[in-house]
Amino acid sequence: MMAQDAAAPATPHAVGTVKATNATTLTLTSATGDVTVTVPDGAKVLVVAPGSKDLKSATAGALSDVSVGDKVLVTGTAGDSGTALTATRVVLMKAAAIAETHAAEDAAWQHGGGGIVKSVDASTGTIVIASGMKTVTVTTTPATVVKRYSGSSVAFADAVASTVAAIQPGDQVRVRGTKSADGSSITADELVTGMFRNYSGLVASIDATAGTVTLKDLTIKKTVTVAVGPNSDVRRIPPMMAERVAARMKGGAAGARGPGQGAPGGQGGAGAHAGPAGIPEDGAARERSAGSDLSQMLSRLPTETLAGLKVGDAVMIVATSPSSDTETPMAVTLLTGVDAILRASPSGQTMTLSPWSLGGGGEGGEGGGEAGGPGR
């Protein structure tokens, strides 16, 4: 005899993006495929803001408010086909509102900061980071959201909840929050951290089935295998642009200018490159500065695929650090076409990529936040 307190079956529902809509139905694309939803006159349509956790602030809507690209959660009764649903309630999140929210979040990350962790005081929630040529103090509060990238994914959505105590010197951190007027401190609303590795060298082999590339890293002089997943950003730098970056690393004035840029930072003259306040840079500083410029260029470079790579290609990779989750680092960014750059930095020790692509206008003019938010 069936137990009387057996759990009741879940109410039929579907979540997805609207693919098509008309006067009585809508079609949405869900994780399991397309679902056709019939919306009768008595069904409720509730409009919610992005990020809403409940329906307390929802406003009444109508089926005519639903457009292609909107996100919906439908509950109702299932049809015979398994891919049909008759709605009793449609919870609607407008695509335009989602885009506005993402834009605001992206701007907040861009105007925050980031860098390499120098020290952590978990008792006070204070993190000191090296950001370009500056040292920045990050202050956290109990309300600060702290996340960490796992070793198996470079997607921001997959970053897991963490703590300030879990942050270690050498970690890279990205901060969203309120920056002081002089840029020397940030009060963090949210931060995401991770341990990343930089690799560079010539591709020795490609396993398209496993989605990996193998190369002999110039710095550690060992063969490494790196996974390239759907969230990895694979780019190809044109030869002339690579030559300009290489020339800047060597101190050439003409090569120091990236696309659409004047003399870097408005400093320096022919045959030399100057750092902040006109201070001449040494070779290592030039390479770090060129690396920052290269990270800023990434979003404008042509995209590439794993299938487009071949054995012998010169690559630079920034990847997650192997962890207990996986022994194979996952590429955040893979940049190919870097032959000239690696010739200018044959040891591969100082010319590295940032795990977050740098946009303009952030971190005190030394490279801003990531376009699209961390890993979005």
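Residues numbered from 1 in each chain as written. Predicted model: local features only at pLDDT ≥ 70, side-chain atom pairs only at ≥ 80, totals over all residues. Heavy atoms only, no water.

A. Spotlight on the overall build of the protein. For the protein, the helix and strand inventory stands at four helices and 20 strands. Sorting the 376 residues of the protein into buried and exposed places 43% on the buried side. Put simply, of all contacts in the protein between residues at least 6 apart along the chain, 61% involve residues at least 24 apart. Summing over all exposed atoms, the protein offers an accessible surface of approximately 18200 Å²; the carbon and sulfur share of this is 56%. (Helix = DSSP H or I, 4+ residues; strand = E, 2+ residues; numbered from the N terminus. Buried < 20%, exposed > 50% of the residue type's maximum accessible area, 1.4 Å probe, protein only. Contact = heavy atoms within 4.5 Å. Areas by Shrake-Rupley, 256 points an atom, 1.4 Å probe, with all protein chains shown as cover.)

B. Looking closely at the pattern of salt bridges. The tally for this structure, following the rule as stated, stands at ten salt bridges. For Lys94, the salt bridge goes to Asp70, with nearest N and O atoms at 2.7 Å. Within this pair, whereas Lys94 is found in the loop between strand 7 (84–93) and helix 1 (95–110), its partner Asp70 is found in the loop between strand 5 (59–60) and strand 6 (71–78), the two being separated by 24 residues in sequence. What makes Lys94 partly exposed here is its relative accessible area of 24%. Residue Glu304 pairs with Arg236 through a salt bridge whose shortest N-O separation is 2.8 Å. Of this pair, Glu304 sits in the loop between helix 3 (283–297) and strand 19 (314–320) while Arg236 is found in strand 18 (residues 233–236), placing the two residues 68 residues apart along the sequence. Given a relative accessible area of 26%, Arg236 falls into the partly exposed group. What you see here is one network of salt bridges that share partners, running through Arg236, Glu304, Lys310 and Asp313. (Salt bridge = Lys/Arg side-chain N within 4 Å of Asp/Glu carboxyl O.)

C. Highlighting the packing of aromatic side chains. On inspection of all chains with the given rule, the structure shows one aromatic pair. Taking 6.0 Å as the distance between ring centres and 65° as the angle between the ring planes, the aromatic pair formed by Tyr149 and Phe196 counts as edge-to-face. With a gap of 47 residues between them, Tyr149 in the loop between strand 11 (145–148) and strand 12 (160–161) and Phe196 in strand 15 (residues 196–207) connect regions that are remote in the sequence. (Phe/Tyr/Trp six-rings, centres within 6.5 Å; stacked < 30°, edge-to-face > 60°.)

D. Representation of the environment of Glu190. Take Glu190: it is sitting in strand 14 (residues 185–194). Exposure remark for Glu190: the relative accessible area of 10% places this residue in the buried category. Taking the C-alpha atoms as reference points, Glu190 and Thr141, 49 residues apart in sequence, are found 9.8 Å from one another. Aside from chain neighbours lying at most four places away, what touches Glu190 is Trp109, Thr144, Val145, Lys147, Phe156, Arg174, Val175 and Arg176.

E. Spotlight on the nonpolar core. Membership of the largest hydrophobic core comes to 26 residues, with the highest contact counts inside it found for Val192, Ile237, Leu301, Met316, Leu335, Val338 and Ile341. Secondary structure elements with two or more residues in this core: helix 2 (239–250), strand 19, strand 20 (331–336) and helix 4 (339–344). Within the second largest apolar cluster, 17 residues are counted, among which are Leu26, Leu28, Ala43 and Leu85. (Core = buried A, V, L, I, M, F, W, Y, C linked by side-chain atoms within 4.5 Å.)

F. How the structure looks around the sheet that holds strand 16 (residues 212–216). Reading across the sheet, the six strands line up as 17-16-15-19-20-18 and stay open at both edges, with mixed pairing between neighbours. The open sheet has two free edges, formed respectively by strand 17 (223–227) and strand 18, since each of these has just one partner strand. The sheet shows a mean angle of 35° between the axes of neighbouring strands, taken without regard to direction. Here strand 15 runs beside strand 16; their pairing, made up of four bridges, is antiparallel. Looking across to strand 16, one finds that Ser205 is bridged to Thr214. (Pairing = 2+ DSSP bridges. Axes fitted to C-alpha atoms, helices over the stretch in contact; angles between N-to-C directions.)

G. A look at helix 2. Relative to the 16 Å expected for twelve residues at 1.5 Å per residue, helix 2 spans 17 Å between its end C-alpha atoms, a close match to the ideal helical length. Those residues of helix 2 that sit buried are Met241, Ala242, Val245, Ala246, Arg248 and Met249. Seen from one end, helix 2 has its buried residues packed into an arc of 160°, which puts them on one side. Opposite the buried face of helix 2, by more than 90 degrees, sit the exposed residues Pro239, Met240 and Lys250. (Expected span 1.5 Å × (residues − 1). Arc of directions from axis to C-beta.)

H. Just the environment of Trp109, in detail. Mapping Trp109 onto the fold places it in helix 1. What makes Trp109 buried here is its relative accessible area of 2%. Separated by 81 residues in sequence, Trp109 and Glu190 have C-alpha atoms that sit 9.0 Å apart.

I. How the structure looks around unusual backbone geometry. The phi torsion at Lys221 lies on the positive side, around 60°, for a residue other than glycine. Residue position: Lys221 is located in the loop between strand 16 and strand 17. Classification of Lys221 by relative accessible area gives exposed; the value is 52%.

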